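Chain and residue survey
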Amino acid sequence: QVQLVESGGGLVQAGVSLRLSCVASGRTFDIVAMGWFRQAPGKEREFVAAIKWTTGTTTYADSVKGRFTISRDNTKNTVYLQMNSLEPEDTAVYYCAADLNPWGALSRQSYAYEYWGQGTQVTVSS
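The present account deals with the structure reproduced in this document. Please read all numbers here as calculations on a predicted model, not as lab measurements. (Residues numbered from 1 in each chain as written. Predicted model: local features only at pLDDT ≥ 70, side-chain atom pairs only at ≥ 80, totals over all residues. Heavy atoms only, no water.)

1. Let's talk about the packing of aromatic side chains
- Under the definition given, this model contains 4 aromatic pairs.
- Centroid distance Phe37 to Tyr113: 5.3 Å. Interplanar angle 75°. Geometry classified as edge-to-face. Taken as a pair, Phe37 in strand β4 (residues 33–39) and Tyr113 in the loop between β9 (92–99) and β10 (115–116) lie far apart in primary sequence, 76 residues in all. In terms of burial, Phe37 and Tyr113 fall into one category: buried.
- Arranged with centres 5.1 Å apart and planes meeting at 55°, the rings of Phe37 and Trp116 form a pair that is tilted. One end of the pair, Phe37, is in strand β4; the other, Trp116, is in strand β10, and 79 residues separate them in sequence.
- Overall, the relative accessible area of 1% leaves Phe37 in the buried class. (Phe/Tyr/Trp six-rings, centres within 6.5 Å; stacked < 30°, edge-to-face > 60°. Helix = DSSP H or I, 4+ residues; strand = E, 2+ residues; numbered from the N terminus. Buried < 20%, exposed > 50% of the residue type's maximum accessible area, 1.4 Å probe, protein only.)

Here it is in structure tokens:
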């Protein structure tokens, strides 16, 4: 079992930066990769970014590449999502997720992640 606790969401203006945090507990030693997903009203859940826990290798959705940065501090069991140049289109509930598959390869599919945080609302006003 892995528990994920998110923080950092809120209401910001377009162009502002925001950093989300997700602290993992429980079977953290089995985590292979951590991912961030988001879901806007009326839309399906969308992949944002992912990072391998050991190597730090990352992958990003095209819509956020160059603006968002995913990172992790393995001494704190924490993954971050640094969001710069926020746009109204970034408004969504953001979820962090953990992949414990030993063959995990930075999947962009939500079904590959076994554990999910509660979600944190990010609202970007124009």
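2. With respect to the sheet that holds strand β7 (residues 68–73)
- Read across the open sheet, the 4 strands follow the order β1-β3-β8-β7; overall the sheet is antiparallel. Each edge of the open sheet carries a strand with a single partner, namely β1 (2–7) and β7. When the angles between neighbouring strand axes are averaged without regard to direction, this sheet yields 20°. (Pairing = 2+ DSSP bridges. Axes fitted to C-alpha atoms, helices over the stretch in contact; angles between N-to-C directions.)

3. Points about the environment of Gly66
- With respect to the helices and strands, Gly66 occurs in the loop between β6 (58–60) and β7.
- For Gly66, a relative accessible area of 77% gives the class exposed.
- For the pair Gly66 and Met83, spaced 17 residues apart in sequence, the C-alpha to C-alpha distance is 9.7 Å.

Such coordinate-based values are descriptive only and should not be taken to indicate function.
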